Amino acid sequence: MHDHRRLGRELDLFDTDPLMGAGLPYWLPDGAAVRHALESYIRESERRAGYRHVHSPVLGKRELYEISGHWEHYSEDMFPPMDLGGEQVVLRPSLCPHHALIYRSRARSHRELPLRLAELGGMYRAELSGVLGGLTRVRSIQLNDAHIFCSLDQVAEEARGALALIRRAYEAMGIEAARYRLSLPGAGGKYVTDPAMWQRAGALLVEVLEAEGIPYEAQEGEAAFYGPKIDVQIADGAGREATLSTVQVDFHQPARFDLSYIGADGAKHRPVMVHRAVIGSVERAVAHLIEVHGGAFPAWLAPVQVAVLPVSDAELPQAEELVRRCVEAGLRAEVAAPVQGTLGARIRAARLVPYQAVIGPAEAAGDQVSVRLRDGRRPVALPAAELIARVGAVVGAQGAELWP
Ligand SMILES: [Zn+2]
């Protein structure tokens, strides 16, 4: 596997600047293209799965996190509060409290449940500067988060649905889970006390994992302070594990925020919160994609999907026209002009681009292209329109295959 920090700089995906600060990477255009493709995929797959998207601010009053329990259990990972006109605001360490308030802002009926609120939103972690680096240890995080507010008897089905989203996303991204971990509370004061509640939540997650036939390892001491969780672990080249995706069952925050809904019986009931992240943080997901694929991303994620290479300056107008048509069709395409080097040098420079379209005099005359695939295959010359349609279909299918 590759080092995402080195490749990130070599491929112009992201970088840092001491004036912006450690652990605060910025995304260059090619990196931003990968990130946008991934975020669009997530939003669309959530939309199809019945999630509704919201936006909420990255700041909140200190009191909000006192209610949620983050202040008590998580404050060493939070940025210090800022004084603002007599009150204190903090950069949020999670999105759950905001979503709990959005839930609470309206009277809720059992007919609205399960209510799945999703947000790709910013959150902040006060990591120490010694451990910062690349996209994996950062202070500013874009979280692919969602909270499902549901009744107790809907929890298993919702957790199952979240696991299905995770598995489909891994397939589309061409990555694999190293293992599934059931994270339970360990010894120590970090965990909210209520053993009965914990046992119930843990049993629900075990039920889902076993019904799905997913092998897992139970591990104590890794749970969130508010409840047990299924963590989907990924591993880097050195075998170091990190959590990418998670499904958590929480009875605690609904009680803290006094959340309720009116049941079919006309009485007030307490919903359960299922927290889930399909790709966890966008930063960690892209770091892992870079390491697994060495920059040769699946076509739908590639920063440049089609490199158009005119053999000589004479075919430059046709090359520019093809790029325009690709862009019009929703693809990311660029010309690699003769001024950038010999044809061989340009083909090597574009080796990570899934499709290279070479245009010589014969192709230019017939509105054709000679296609080279990143994996070395060279399908015959095609009409330009057919290349656009075929690449468009591959990209639209969001799979790992290059030329079905
Ligand atoms: Zn949450």
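How each quantity is defined
- Residues numbered from 1 in each chain as written.
- Predicted model: local features only at pLDDT ≥ 70, side-chain atom pairs only at ≥ 80, totals over all residues.
- Helix = DSSP H or I, 4+ residues; strand = E, 2+ residues; numbered from the N terminus.
- Buried ≥ 20, exposed ≤ 12 C-beta atoms within 10 Å, placed from the backbone.
- Contact = placed C-beta atoms within 7 Å.
- Pairing = 2+ DSSP bridges.
- Axes fitted to C-alpha atoms, helices over the stretch in contact; angles between N-to-C directions.
- Domains from an automatic or database assignment.
- Nonpolar A, V, L, I, M, F, W, Y, C, P; charged D, E, K, R; others polar.
- Parallel < 35°, antiparallel > 145°, perpendicular 65-115°, else oblique.
- Left-handed = near helix turned anticlockwise from the far one by under 90°.
- Expected span 1.5 Å × (residues − 1).
- Core = buried A, V, L, I, M, F, W, Y, C linked by C-beta atoms within 7 Å.

**What about the overall build of the protein?**
Inference 1: In terms of regular secondary structure, the protein is built from 13 helices and 20 strands.
Inference 2: Overall size of the protein, expressed as C-alpha extent along the three principal axes, is 75 × 50 × 40 Å.
Inference 3: A buried classification covers 40% of the 404 residues belonging to the protein.
Inference 4: At a minimum sequence separation of 6, the contacts of the protein that also span at least 24 residues come to 71%.

**Description of the sheet that holds strand S10 (residues 216-220)**
Inference 1: Within the open sheet, the 8 strands sit side by side as S3-S7-S8-S15-S12-S11-S9-S10. Their pairing is mixed. Looking at strand neighbours, the two that pair on one side only are strand S3 (52-53) and S10, the edges of this open sheet.
Inference 2: Bridge count for strand S8 (residues 140-150) against strand S15 (residues 272-277) is 5 bridges, and the pairing is antiparallel. What sits directly across from Cys150, in S15, is Val272.
Inference 3: Of the strands in this sheet, S8, strand S11 (229-235), strand S12 (241-250) and S15 are in contact with helix H6 (residues 155-173), which crosses S15 at around 5°.
Inference 4: In the packing of helix H7 (residues 195-211) onto the sheet, the strands contacted are strand S9 (179-184), S10, S11 and S12, and the crossing angle to S9 comes to about 165°.

**Some points on the domain arrangement of the protein**
Inference 1: Per the domain assignment, the segments making up the protein are domain 1 (4-293) and domain 2 (299-397).
Inference 2: For domain 1 and domain 2, the distance between their C-alpha centres works out to 39 Å.
Inference 3: Counting residues at the interface gives 6 residues for domain 1 and 4 residues for domain 2.
Inference 4: With 5 residues, helix H2 (residues 29-48) is the largest single contributor of residues to the side of domain 1 that touches domain 2.
Inference 5: Residue composition of the side of domain 1 that touches domain 2, grouped by class: 5 nonpolar, no polar and 1 charged.

**A few points about the packing of H6 against H7**
Inference 1: Where H6 meets H7, the closest approach of the two axes is 9 Å, and the angle between their N-to-C directions is 50°. By the angle class used here, H6 and H7 are oblique. Considering the relative orientation of H6 and H7, their crossing is right-handed. Residue-level inspection shows Val155, Ala156, Ala159, Arg160 and Leu163 of H6 in contact with H7, the latter providing Leu204, Leu205, Glu207 and Val208.
Inference 2: Along the lines of polarity and charge, the residues of the contact of H6 with H7 split into 7 nonpolar, no polar and 2 charged.

**Remarks on helix H9 (residues 282-293)**
Inference 1: Taking 1.5 Å per residue as the helical rise, H9 with its 12 residues ought to reach 16 Å, and the 16 Å between its terminal C-alpha atoms agrees with that figure.
Inference 2: A large share of H9 lies buried, amounting to 11 of its 12 residues.
Inference 3: Along H9, the residues classified as buried are Val282, Glu283, Arg284, Ala285, Val286, Ala287, His288, Leu289, Ile290, Glu291 and His293.
Inference 4: Two residues or fewer past H9, Gly294 is found with a positive phi of approximately 60°.

**Quick notes on the nonpolar core**
Inference 1: Among the nonpolar cores identified, the biggest contains 93 residues, and Leu38, Val274, Ile279, Val286, Val306, Val308 and Ala357 are the most heavily contacted of them.
Inference 2: A domain-level breakdown of this core finds at least three residues from each of domain 1 (4-293) and domain 2 (299-397).
Inference 3: Among residues more than four places away in sequence, those in contact with Ala357 are Val306, Val308, Leu309, Leu322, Val369, Val371 and Leu387.

**What to know about the packing of H2 against H9**
Inference 1: Remark: H2 packs on H9, axes separated minimally by 11 Å, with the N-to-C direction vectors making an angle of 115°. Between H2 and H9, the interaxial angle falls into the category roughly perpendicular. For the crossing formed where H2 meets H9, the hand is right-handed. Here Val34, Arg35, Leu38 and Glu39 of H2 lie close against H9, whose contacting residues are Val282, Ala285 and Val286.
Inference 2: Residues of the contact of H2 with H9, tallied by class, amount to 5 nonpolar, no polar and 2 charged.

**Observations concerning the environment of Glu46**
Inference 1: On the secondary structure map, Glu46 appears in helix H2.
Inference 2: Distance from Glu46 to Ala118, taken between C-alpha atoms, is 7.8 Å for residues 72 residues apart in sequence.
Inference 3: Apart from residues no more than four positions distant in its own chain, Glu46 is found in contact with Tyr51, Ala118 and Ala146.

**Some details on the sheet that holds strand S5 (residues 82-84)**
Inference 1: The antiparallel open sheet is built from 3 strands, whose spatial order is S4-S6-S5. Taken across any chain shown, the strands that pair with only one partner, and hence form the sheet edges, are strand S4 (59-61) and S5. Strand-to-strand twist in this sheet, taken as the mean axis angle between neighbours without regard to direction, amounts to 40°.
Inference 2: Bridge count between S5 and strand S6 (residues 87-91): 3 bridges; the pairing is antiparallel.

**Observations concerning unusual backbone geometry**
Most peptide bonds take the trans form, and the phi angle of most residues other than glycine is negative.
Inference 1: Here the bond from Leu113 into Pro114 is cis, since omega is -5°, no more than 30 degrees from zero.
Inference 2: Mapped onto the elements, Pro114 comes out in the loop between helix H5 (96-104) and strand S7 (115-124).
Inference 3: Although it is not a glycine, Asp12 sits at a positive phi angle of roughly 55°.
Inference 4: By the secondary structure assignment, Asp12 is in the loop between helix H1 (4-10) and strand S1 (14-15).
Inference 5: Positive phi outside glycine occurs at Asp258, with the angle close to 55°.
Inference 6: Checked against the element boundaries, Asp258 lands in the loop between helix H8 (252-256) and strand S13 (261-262).
Inference 7: Take Asp258: there are 10 C-beta atoms within 10 Å of it, and that puts it in the exposed class.

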